[in-house]
Amino acid sequence: ASAVYRLQYAPPAFWIDAVELTFDLDPAKTRVLNKMRVRRNPEVAAQALRLDGEELQLARVQVNGAGTSFKIEEDQLVLENLPEGSEPFDLEIFTTCAPEKNTQLSGLYVSNATFFTQCEAQGFRRITYFLDRPDVMASFSVLLRADKARYPVLLSNGNLVESGELADGRHFARWVDPHKKPCYLFALVAGKLVAREQQITSRAGKEHLLQVWVRPGDLGKTEHAMNSLMAAIAWDETRFGLSLDLERFMIVATSDFNMGAMENKGLNVFNTKYVLASPATATDQDFANIEGVVGHEYFHNWTGNRVTCRDWFQLSLKEGLTVFRDQEFSQDMAGSASARATRRIEDVRVLRSAQFPEDAGPMAHPVRPDSYVEINNFYTVTVYEKGAEVVRMQRTLVGGHEGFARGMKLYFERHDGHAVTCDDFAQAMADANPASPLAQHLEAFKRWYSQAGTPRVKAAGHYDADARTYTLTLMQSCPPTPGQPDKLPFVIPLTLGLVGEDGAALPLQLAGEAAAGETQRTLVLHEASQTFTFEGVAQRPVPSLLRSFSAPVILECDYSDAELLTLLAHDADPFNRWEAGQRLLLRVALSSIADSAEQAGATAINGHIPEDIVDALRAVLADPQLDPAFKELVLTLPSEVYIAEQLDEVDPQQVHAAREALRLQLATALQAQWRSAWEQHQDSGAYRPDAASSGRRALAGLALSMLCLAARSSGDTVWPGKAYQRFKIAANMTERLNALGALIVSDHELARPALERFHERFRDDALVLDKWFALQAARPDRGGNVLPAVQALMQHPDFNLKNPNRARSLVFSYCSANPGAFHRRDGAGYAFWAEQVLALDAFNPQVAARLARALDRWKRLAEPYREAARAAIERVAAAPKLSNDVRELVTHALA
Ligand code: HT7
Ligand code: ZN
């Protein structure tokens, strides 16, 4: 397949104003009658109508009620003899498809005897012939007909306008969507489902019916999803004045889904993982994820559905903005300033451990890509998470909440009901805030959309004690990325403070300014190098730069350990307090790796965190003023991926060994504090998933695993015994999994019976079984034992590669979340990866392509890993039959 280019965008030659779809649902052969009201686009030269279609059986085509000539060219139905002029005409197409054979889970498919659709990005063409592009927006009317006993519930977008009985035990339902939409937002669901219902009245006084549809046994696990939906609706009304524009809003859960969820208008389809939760079966993380994903999909109702993308290159227009909105929502739901900061740290951790590597690898692409072969490969952390940071920077550059709200208002005034571009969004933000730095630097700011790669900002400060000035020079650069050897400067909002050695927040007064007494401000970098001089600086400051991670950049600053310890102890910005701790630990990890590299072949690495750093971490752990969630983050070492990102050549085993050694040192050195942390943060009362309670459980969980780890080296059996006991009597899944994880991480013999009990108890709960598989795939490797265990689990009766959640729980957990076990010197992990990519690709290319990304960064691996990784990728590339999805990725990887 060939690439599509952003600059080749051309408006459609025809519009489809309205579509009436009739489905006769049958798993083996579903019949689809598609009646469209079509007209020529007067702004485009006359040409043939080319409709997209994939794996469809075509039975009939009629124009204005009469047969017509047509051609099939590749995956398009081509109609040349259409009425001329601007009058609309009726085009009727009758096709069939086979939902039960649809293993790709794109288009119309069957899961657990229920019909579902997934149309984004290009799944609608697998249902009927259509102009499958987001800038063609039509009114949809949908008639569903099916056997009533097997499919008692028939759902589609919009309002149910009619339903009733038909002959032969069949029934029907007609749904009309009051809003025009692109076909990627179409959905239908039919099966045996039940709903939790909630009637709400909006602030505007309108009544709405909310429904969460699930399989009958799952109704008891829908309360949190419903609460999250109600909270999201209220939040969007309060925060942005955006209300629900439908009488009915439905969420439906399916256990077979390629991604997390889908924002179809009024009928969101969700992976069960992001709907179902009970204290006994879901962790705090699951509860938080549900809140975030329910919010995300709901927020798309405005950012994505009311205003949609002109073409798929603009994907971040809806995804970056909606991730930003869901992150803000989750922060607001977290409550306290400290809990908000914790959420921010968590989001930045994802960005740095997933997006930064993407931006530095073969798949690096701008937030608004310039070309693609398979659009599904561009649902990436760059488009989503970096895209959200680009929106966040715009908020900073228009002065915060109020300026941003003004920009959003103008964006909707200008573009409601239209398909637009990332430029349109930034333009609205700037126009609504004409005096802002965003408006001043708009063209340069938009390089965040067009240039790939993570910028580096090098900071150098100089304090002149006599003049009481502090001069800060900031230099930016960005490494080359595929197809973009040279970069122009970015516009970087850099929020900073100056911290005195005594911990005081120093005033920030730039040369020539009147004293305002502010202790935090945002500088706007827009040149390759800029110097700022602060006056009236009474003592030597430690610069606290990039507070709250004000831009997605790598900040290089030659901090001494003492300076970082000052920030860790005193910075008023919780993000930078955490960051200082991470910098200290990263530095130690990197020097251990360098030492072990010098003693070639060394496998045992001793943790050597200097005593003053251990003391500082001890102080954090023991500080009664600090939130438990924050402590847990500070005491968690940088991930192996993040450590590896700092190296030019990576020996994953060395990275793993270095991190393990530091963990063991922290476990042992802080035993007394871990003990108190465990004792002080025991749950009492009913389970609540709020940020404060989750934070306590997170710290208790980390403490328990550290205590078990320390016990492992001392031979003590008390803590593993306690962990096993807690595992057995745990009051909720978070505690149970934390206890089980502590036994697994310390490789204690009690892990085996615990895993057996866990399986026995939860064997009928698919989402909990996923955790059971994931735990075993991500366990620490001892002498190469994880790969054979994973291979054995592939034969387990509960394993099923065809179910994406199960595949992710075992195969992805091993290949992507367990570097110490995956990167084997014998290359067997990579051979397993190649086998699984090919096996998945035969029936579900989207999922296969996700797994294919696990070896993106192979070129940085040291030998013997690099050669083995290359061989595995080449093996995939040489497969006789490969999807476009996987082909595009391996081609980039080998380029
Ligand atoms: N907008 C949704 C994207 C999505 C998707 C894309 C490709 C293939 C399958 C998919 N399922 C959902 C999800 C979201 O960002 O809200
Ligand atoms: Zn989204």
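Residues numbered from 1 in each chain as written. Chains lettered and ligands numbered in written order. Predicted model: local features only at pLDDT ≥ 70, side-chain atom pairs only at ≥ 80, totals over all residues.

**Some details on the overall build of the chain**
- Counting secondary structure elements, the chain contains 29 helices and 34 strands.
- In terms of overall dimensions, the chain has C-alpha extents of about 90 × 70 × 60 Å along its principal axes.
- Once local pairs closer than 6 in sequence are excluded, the contacts in the chain between residues at least 24 apart make up 70%. (Helix = DSSP H or I, 4+ residues; strand = E, 2+ residues; numbered from the N terminus. Contact = placed C-beta atoms within 7 Å.)

**Here's the deal with the site of ligand 1**
- Near ligand 1, the surroundings consist of 15 residues, among which Glu120, Asn258, Met259, Met262 and Tyr379 are the closest.
- Along the lines of polarity and charge, the residues of the shell around ligand 1 split into 5 nonpolar, 6 polar and 4 charged.
- The two domains that each donate at least three residues to the shell around ligand 1 are domain 1 (4-192) and domain 2 (308-450). (Near = placed C-beta within 6 Å. Nonpolar A, V, L, I, M, F, W, Y, C, P; charged D, E, K, R; others polar. Domains from an automatic or database assignment.)

**Topic: the UniProt feature "domain: Aminopeptidase N-like N-terminal" (unreviewed entry) in the chain**
- Residues annotated by UniProt as "domain: Aminopeptidase N-like N-terminal" (unreviewed entry) correspond here to residues 20-185.
- Helix makes up 0% of residues 20-185 and strand 52%, and the two end C-alpha atoms of the span are 15 Å apart. (UniProt positions renumbered as here; feature names shortened; annotations may be inferred.)

**Notes on the pairing of strand E26 (residues 456-464)**
- Note: E26 against strand E27 (residues 469-477), 9 bridges, orientation antiparallel. Note that in E27 the partner of Val457 across the bridge is Gln476.
- What sits between the antiparallel neighbours E26 and E27 is a turn of 4 residues, in which Arg468 has the positive phi angle 55°.
- As paired strands, E26 and strand E34 (residues 554-557) are joined by 4 bridges and run parallel to one another. Bridged to Val457 within E34 is Leu555. (Pairing = 2+ DSSP bridges.)

**Description of unusual backbone geometry**
- With an omega of -5°, the peptide bond between Glu120 and Ala121 qualifies as cis.
- With respect to the helices and strands, the residue Ala121 is situated in the loop between strand E11 (114-118) and strand E12 (137-147).
- The linkage connecting Glu863 with the following residue, Pro864, adopts the cis geometry, with an omega of 10°.
- Looking at the secondary structure, you find Pro864 in the loop between helix H27 (845-852) and helix H28 (865-877).
- Here Glu74, not a glycine, exhibits a phi torsion of approximately 50°, which is positive.
- With respect to the helices, strands and loops of the structure, Glu74 is situated in the loop between strand E7 (71-73) and strand E8 (76-79).
- A positive phi is found at Phe549, a non-glycine position, where the angle reads about 55°.
- For Phe549, the position within the fold is in the loop between strand E33 (541-545) and E34.

**Examining the nonpolar core**
- Counting residues in hydrophobic clusters, the biggest one holds 268 residues, and the most contacted among them are Val252 and Leu743.
- Looking at this core element by element, the count peaks at 13 residues for helix H18 (residues 691-714).
- Sequence-distant contacts of Val252, defined by excluding residues within four places in its chain, comprise Leu155, Val189, Leu193, Trp213, Leu267, Val269 and Phe270. (Core = buried A, V, L, I, M, F, W, Y, C linked by C-beta atoms within 7 Å. Buried ≥ 20, exposed ≤ 12 C-beta atoms within 10 Å, placed from the backbone.)

**Describing the confidence of the model for the chain**
- When the pLDDT values of the chain are averaged, the result is 97; 99% of them are 70 or greater.
- Across the interface, the model reports ipTM at 0.98; the global pTM reads 0.98. (pLDDT = per-residue confidence, 0-100.)

**Observations regarding the packing of helix H12 (residues 574-598) against helix H16 (residues 652-669)**
- Contact geometry of H12 with H16 gives a least axis separation of 9 Å together with a crossing angle of 125°. By the criterion of interaxial angle, the relationship of H12 to H16 is oblique. Between H12 and H16 lies a crossing of right-handed hand. Contacts between H12 and H16 involve Leu585, Val588, Ala589, Ser592, Ile593, Ser596 and Ala597 on the former and, on the latter, Gln654, Val655, Ala658, Arg659, Ala661 and Leu662. (Axes fitted to C-alpha atoms, helices over the stretch in contact; angles between N-to-C directions. Parallel < 35°, antiparallel > 145°, perpendicular 65-115°, else oblique. Left-handed = near helix turned anticlockwise from the far one by under 90°.)

**Notes on the packing of helix H6 (residues 401-415) against helix H7 (residues 422-432)**
- The geometry of H6 relative to H7 is characterised by a closest axis approach of 8 Å and an angle of 125° between their N-to-C directions. The angle between H6 and H7 falls in the class oblique. In this structure, H6 crosses over H7, and the sense of that crossing is right-handed. Between H6, through Arg406, Gly407, Lys409, Leu410, Tyr411, Arg414 and His415, and H7, the contact on the second element is made entirely by Asp424, Phe425, Ala428, Met429, Asp431 and Ala432.
- Tallied by class, the residues present in the contact of H6 with H7 amount to 6 nonpolar, 2 polar and 5 charged.

**Details of the UniProt feature "domain: Peptidase M1 membrane alanine aminopeptidase" (unreviewed entry) in the chain**
- Per the UniProt record, "domain: Peptidase M1 membrane alanine aminopeptidase" (unreviewed entry) is annotated on residues 225-434.
- End C-alpha atoms of residues 225-434 are separated by 40 Å, and the span's content is 56% helix alongside 10% strand.

**Observations concerning the sheet that holds strand E32 (residues 529-535)**
- The strand order across the open sheet formed by 5 strands is E30-E32-E27-E26-E34, and the pairing between neighbours is mixed. Strand pairing shows two members of the sheet lacking a second neighbour, strand E30 (509-510) and E34, which therefore form its edges.
- As judged from the 2 bridges shared by E30 and E32, these two strands associate in the antiparallel manner. Among the inter-strand pairings, Leu510 is bridged to a residue of E32, identified as Phe534.

**Examining helix H22 (residues 766-777)**
- Taking 1.5 Å as the rise per residue, H22 with 12 residues should run 16 Å; its terminal C-alpha atoms sit 17 Å apart, in good agreement.
- With 11 of its 12 residues buried, H22 lies for the most part within the structure.
- Taken as a whole, H22 has its buried residues at Leu767, Val768, Leu769, Asp770, Lys771, Trp772, Phe773, Ala774, Leu775, Gln776 and Ala777.
- Tucked into the core, H22 has its buried residues touching helix H20 (733-745), helix H21 (751-762), helix H23 (786-794) and helix H24 (804-817). (Expected span 1.5 Å × (residues − 1).)

**So, H18**
- Its 24 residues place the ends of H18 34 Å apart at the C-alpha level, agreeing with the 34 Å of an ideal helix rising 1.5 Å per residue.
- Burial of H18 is extensive: 20 of the 24 residues sit out of reach of the surface.

**Details of the environment of Asp347**
- Position of Asp347 relative to the elements: it lies in helix H4 (residues 337-359).
- Considering only alpha carbons, one finds Asp347 and Ser69, 278 residues apart in sequence, at a separation of 54 Å.

**What about the sheet that holds strand E4 (residues 49-52)?**
- Spatially, 3 strands are ordered E4-E8-E7 in an open sheet, and the strand pairing comes out antiparallel. A strand with exactly one partner marks an edge of an open sheet, and here the two such strands are E4 and E7. Ignoring which end each strand starts from, the neighbouring axes of this sheet average 30° apart.
- Direction of pairing for E4 relative to E8: antiparallel, over a ladder of 4 bridges. From the neighbouring strand, Leu51 faces E8, where its bridge partner is Leu77.

**A short note on the environment of Tyr298**
- Counting through the fold element by element, Tyr298 comes out in helix H2 (residues 284-299).
- Residues Tyr298 and Gly266, spaced 32 residues apart in sequence, show a C-alpha to C-alpha distance of 9.0 Å.
- With residues up to four places along the chain from it excluded, the contact list for Tyr298 reads Leu229, Ala232 and Ile233.

**Concerning the environment of Leu21**
- The topology assignment puts Leu21 in strand E2 (residues 14-24).
- Leu21 gets classed as buried once you count the C-beta atoms within 10 Å, which come to 22.
- Note: C-alpha distance between Leu21 and Leu210 (189 residues apart in sequence) is 25 Å.

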